[in-house]
Amino acid sequence: MVQYRVKPERVQEHEGLIRDVFAELAQQNPNGIRYGAFRRPDGVSFVHIALITADKSPLDEIAAFKAFTARVKERCDVMPETLELTEIGAFGL
């Protein structure tokens, strides 16, 4: 899981880049990943949740994801923080 906050004036641009990632994922349909990106109610905070079952993250091969991450720090007020989670139980993941 990754969480961060984007500068208000960059939210629209940021969401467009996220949509590009999902469009490319839909086109390539890689195995070994379940992925979601969510905007929190404040309108500027985001959470991404990825469940990777492949040996290597399929996101590493997505050009739109590379474009998304290339300049993410310029768009953020609070830098991305990756939180590793240990599964206790899951259904449908």
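Residues numbered from 1 in each chain as written. Predicted model: local features only at pLDDT ≥ 70, side-chain atom pairs only at ≥ 80, totals over all residues. Heavy atoms only, no water.

Participant: Mind laying out the overall build of the protein, listing which residues take part and the relevant values?
Facilitator: The number of helices and strands found in the protein is 3 helices and 4 strands. For the protein, the N- to C-terminal ordering of α and β elements is β-α-β-β-α-α-β. For 93 residues, the compact-globule estimate of 2.2 N^0.38 gives 12 Å, and the protein sits close to it at 14 Å. Over its C-alpha atoms, taken along the principal directions, the protein stretches across nearly 35 × 30 × 20 Å. Residue burial in the protein is summarised as follows: out of 93 residues, 31% are buried. In the protein, the share of contacts with a sequence separation of at least 24, taken over all contacts with a separation of at least 6, comes to 67%. Of the side-chain charges in the protein, 12 are positive and 14 negative, and the distance between the mean point of each set is 4 Å. (Helix = DSSP H or I, 4+ residues; strand = E, 2+ residues; numbered from the N terminus. Rg over C-alpha atoms; globule rule 2.2 N^0.38 Å. Buried < 20%, exposed > 50% of the residue type's maximum accessible area, 1.4 Å probe, protein only. Contact = heavy atoms within 4.5 Å. Lys, Arg positive; Asp, Glu negative; His and termini not counted. Charge placed at Lys NZ, Arg CZ, Asp CG, Glu CD.)

Participant: Summarise helix 1 (residues 11-28); cite the residues concerned and give the values.
Facilitator: Over its 18 residues, helix 1 extends 26 Å from the first C-alpha to the last, a length consistent with the 26 Å expected when each residue adds 1.5 Å. Looking at helix 1, one finds that the buried residues are V11, H14, E15, L17, I18, V21, E24 and L25. The inward-facing, buried residues of helix 1 contact strand 1 (2-6), strand 2 (33-39), strand 3 (45-52), helix 2 (63-70) and helix 3 (72-75). N29, located one to two residues past helix 1, shows a positive phi value of around 45 degrees. (Expected span 1.5 Å × (residues − 1).)

Participant: Before we move on, could you go through unusual backbone geometry and cite the residues and values that matter?
Facilitator: One non-glycine residue with positive phi stands out, namely N29, at about 45 degrees. When you line up the elements, N29 lands in the loop between helix 1 and strand 2. By relative accessible area, N29 is classed as exposed at 61%.

Participant: Which residues make up the environment of L85, and what are the values?
Facilitator: In this fold, L85 is placed in the segment after strand 4 (76-82). Spatially, the C-alpha atom of L85 lies 7.4 Å from that of M1, the residues being 84 residues apart in sequence.

Participant: Go over the sheet that holds strand 1 with me, naming the residues and quoting the values.
Facilitator: Within the open sheet, the 4 strands sit side by side as 2-3-1-4. Their pairing is antiparallel. What marks the edges here is a single partner per strand, and that holds for strand 2 and strand 4. Geometrically, the sheet is characterised by an average inter-axis angle of 10 degrees between neighbouring strands, direction not taken into account. With 4 bridges connecting them, strand 1 and strand 4 associate as antiparallel partners. Of the residues in strand 4, the one forming a bridge with V6 is C76. This element, helix 1, spans strand 1, strand 2 and strand 3 of the sheet and lies at about 160 degrees to strand 2. (Pairing = 2+ DSSP bridges. Axes fitted to C-alpha atoms, helices over the stretch in contact; angles between N-to-C directions.)

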